[in-house]
Amino acid sequence: DTGVSQDPRHKITKRGQNVTFRCDPISEHNRLYWYRQTLGQGPEFLTYFQNEAQLEKSRLLSDRFSAERPKGSFSTLEIQRTEQGDSAMYLCASSRATNTEAFFGQGTRLTVV
Amino acid sequence: SQKIEQNSEALNIQEGKTATLTCNYTNYSPAYLQWYRQDPGRGPVFLLLIRENEKEKRKERLKVTFDTTLKQSLFHITASQPADSATYLCAPTGGSQGNLIFGKGTKLSVKP
């Protein structure tokens with residue numbers, strides 16, 4: 001059990017470019033969550049998966065954001081046509097179920113210039 | 001819509017005192033409530049989970065209460081230490097709430 005890992009740790013991109021982040025959850029964890037966090041704020045929910053099924057997506061999430069979890073293992077989060085307002089820490093977490101603790105990765109810090 | 005409120009953005013206390021943090025939620029009925037600690041630049045770390053049929057739960061210097069009538073949880077740190085300084089997040093979950101949504105957090109500073 002190596003914990004939740006996220007890649008890359010840091011990403012700097014120009015406005016308008018597409019970016020993709022990867023999250024590898026703890027093996028056998030059915031649930032996988034994505035969050036966005038800006039300085040001084042709590043983690044803002046983006047979406048979550050139960051195995052390979054995407055069960056909920058935040059209404060605040062624009063169509064530029066998409067996430068996948070093929071085969072119920074790792075997950076990717078893609079942001080198309082990035083904007084400066086997308087600059088944030090993107091966190092991934094996994095858990096066995098709703099009533100068990102979630103484990104977080106170190107996050108991917110995105111800077112859009 | 002579902003809403004989670006944590007009592008204050010920042011809480012400053014003296015070392016040795018008890019810190020009490022509040023989490024209120026509205027418009028849903030969670031079956032569980034989780035508390036996490038987050039240090040700057042790092043992901044949140046799980047501390048405690050309390051179920052709706054549990055009034056109180058303890059772990060070392062931590063104590064959590066869960067009042068489903070008031071729709072509130074209290075998080076206490078007794079004999080606080082400067083090392084307890086961090087942001088504490090609550091997440092009511094389960095029941096009608098299938099995902100894991102956090103409050104904005106309370107930043108605790110314990111002064112020596």
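Relevant structure appears above.
Rules of the game
- Residues numbered from 1 in each chain as written.
- Chains lettered and ligands numbered in written order.
- Predicted model: local features only at pLDDT ≥ 70, side-chain atom pairs only at ≥ 80, totals over all residues.
- Heavy atoms only, no water.
- Contact = heavy atoms within 4.5 Å.
- Buried area = accessible area lost by both parts, 1.4 Å probe.
- Salt bridge = Lys/Arg side-chain N within 4 Å of Asp/Glu carboxyl O.
- Helix = DSSP H or I, 4+ residues; strand = E, 2+ residues; numbered from the N terminus.
- Nonpolar A, V, L, I, M, F, W, Y, C, P; charged D, E, K, R; others polar.
- Buried < 20%, exposed > 50% of the residue type's maximum accessible area, 1.4 Å probe, protein only.
- Disulfide = S-S within 2.5 Å.

Novice: Explain the interface of chain A and chain B to me, please; I cannot follow it from the model alone.
Specialist: With 21 residues of chain A in contact, the opposing surface of chain B contributes 22 residues. Summed over both sides, the interface between chain A and chain B buries roughly 1600 Å², with carbon and sulfur atoms accounting for 53% of that surface. In terms of surface lost to chain B, no three residues of chain A exceed Thr98(A), Asn99(A) and Phe104(A), which account for 28% of the buried area on that side. Between chain A and chain B we count 0 salt bridges in total. When contributions to the side of chain A that touches chain B are tallied by element, the ones reaching two or more residues are strand S4 (31–37), strand S5 (44–50) and strand S9 (88–95) of chain A. A total of 4 residues in the side of chain A that touches chain B trace back to one element, the largest contributor, which is S4(A). Taken together, the residues of the side of chain A that touches chain B sort by class into 9 nonpolar, 8 polar and 4 charged.

Novice: Would you take a moment to explain the pattern of salt bridges for this structure?
Specialist: Any two side chains of opposite charge can pair, so long as their charged atoms come close to each other. For the coordinates displayed, the defined rule picks out 8 salt bridges over all chains. With a closest N to O distance of 3.2 Å, Lys3(B) and Glu5(B) form a salt bridge. With a relative accessible area of 46%, Lys3(B) lands in the partly exposed category. Glu5(B) sits in the partly exposed class, given a relative accessible area of 42%. A single salt-bridge network, built from bridges that share partners, covers Arg64(A), Glu83(A) and Asp86(A).

Novice: Help me understand the state of the cysteines, please; the structure alone is not making it clear to me.
Specialist: Linking two cysteines covalently via their sulfur atoms produces the bond known as a disulfide. A full pass over the atoms with the stated rule returns 2 disulfides over all chains. Covalent S-S linkage joins Cys23(A) and Cys92(A), the inter-sulfur distance amounting to 1.8 Å. Negative torsions about the S-S bond denote left-handed disulfides, and the value of about -65° found for Cys23(A) with Cys92(A) makes this one left-handed. Here Cys92(A) lies in strand S9 and Cys23(A) lies in strand S3 (residues 19–24), a separation of 69 residues in the sequence. Taking the relative accessible area as the measure of exposure, Cys23(A) reaches 0% and is therefore buried. What makes Cys92(A) buried here is its relative accessible area of 0%. Disulfide partner of Cys23(B): Cys90(B), at an S-S distance of 2.0 Å. Across the S-S bond of Cys23(B) and Cys90(B) the torsion is about 65°, and the bridge reads as right-handed. In this pair, Cys23(B) sits in strand S3 (residues 19–26) while Cys90(B) sits in strand S9 (residues 86–93), placing the two residues 67 residues apart along the sequence. Like Cys23(B), the residue Cys90(B) is buried in the burial classification.

Fair warning: the whole summary comes from geometry, so function is off the table for now.
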